[in-house]
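Per-entry structural report
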Amino acid sequence: PLDDSNVVLNCANIGCAYGENVLRRTRDKFAWEGVEDAFRYYAERGATVHAVVSERLLNRHGSKGLSQGLRRSFVVVPSRDDMVDNDDLSTLQEAEKWQCQFV
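Residues numbered from 1 in each chain as written. Predicted model: local features only at pLDDT ≥ 70, side-chain atom pairs only at ≥ 80, totals over all residues. Heavy atoms only, no water.

**Notes on the overall build of the protein**
As a reminder, the rule being used: Going along the chain from the N terminus, every DSSP run of H or I of four or more residues is numbered as a helix, and every run of E of two or more is numbered as a strand. Computation of the radius of gyration draws on C-alpha atoms, with the globule rule given as 2.2 Å multiplied by the number of residues to the power 0.38. Buried means the residue's accessible area, taken with a 1.4 Å probe over protein chains only, is under 20% of the maximum for its type, while exposed means over 50%, and partly exposed covers the values in between. In this analysis, two residues are considered to be in contact whenever any of their non-hydrogen atoms come within 4.5 Å of each other. Where accessible areas are quoted, they stem from the Shrake-Rupley method and a 1.4 Å probe; at the residue level, only the protein chains shown are allowed to cover. In this charge count, Lys and Arg are treated as positive and Asp and Glu as negative; neither His nor the chain ends contribute. Charge placement uses NZ in Lys and CZ in Arg. For Asp and Glu, CG and CD serve respectively.
When you go through the protein residue by residue, the secondary structure sums to five helices and four strands. When its helices and strands are written in sequence order, the protein yields β-α-α-β-α-α-β-α-β. In terms of overall dimensions, the protein is globule-like: its C-alpha atoms have a radius of gyration of 13 Å, near the 13 Å expected for 103 residues. Taken along its principal axes, the extent of the C-alpha atoms in the protein is 40 × 30 × 25 Å. Buried positions account for 40% of the 103 residues belonging to the protein. Long-range contacts, defined here as pairs at least 24 residues apart, represent 63% of the contacts in the protein between residues at least 6 apart. Total accessible area on the protein stands at roughly 6,400 Å², and carbon and sulfur atoms take up 48% of it. Both charge centroids of the protein, one from 13 positive and one from 16 negative side chains, sit 7 Å from each other.

**Some words on the sheet that holds strand β2 (residues 48-54)**
This is how the line gets drawn: A strand pair is defined by DSSP finding two or more bridges across the two strands. Axis definition: a line fitted to C-alpha atoms, over the contacting stretch in the case of helices. Angles run 0 to 180 degrees between N-to-C directions.
Pairing in this open sheet of four strands is parallel, and the strands run β3-β2-β1-β4 from one edge to the other. Looking along the sheet, the strands with just one partner apiece sit at the ends: β3 (74-77) and β4 (101-102). Both strand β1 (residues 6-10) and β4 contribute to a ladder of two bridges, which runs parallel. Looking at β4, one finds that V7 is bridged to Q101. Each of β1, β2 and β3 is contacted by helix α1 (residues 11-21), which is oriented at about 60° to β1, the strand it contacts most.

As structure tokens, then:
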């Protein structure tokens with residue numbers, strides 16, 4: 001059984017989906033607002049959030065203006081040139097580690 005007291009968020013996937021589908025962006029789709037919304041949703045329900053974010057995304061979009069709670073929940077994944085989407089693998093690994101769902 002999955003542990004519903006933890007959840008793993010993939011910041012890049014959530015932020016890009018939000019930018020594309022909610023904000024209707026066609027370029028530079030990533031939006032921290034979507035990640036903040038997801039963080040708040042789970043945190044308000046008592047879940048411990050583990051927000052997987054790559055160094056590359058942080059370097060490109062920064063973390064200025066983000067809530068302290070979201071920043072504290074970051075699981076920062078080092079960038080690797082030979083593995084562009086290593087945040088996806090890290091998301092799965094974190095979910096397995098905590099035996100919880102991932103978004």
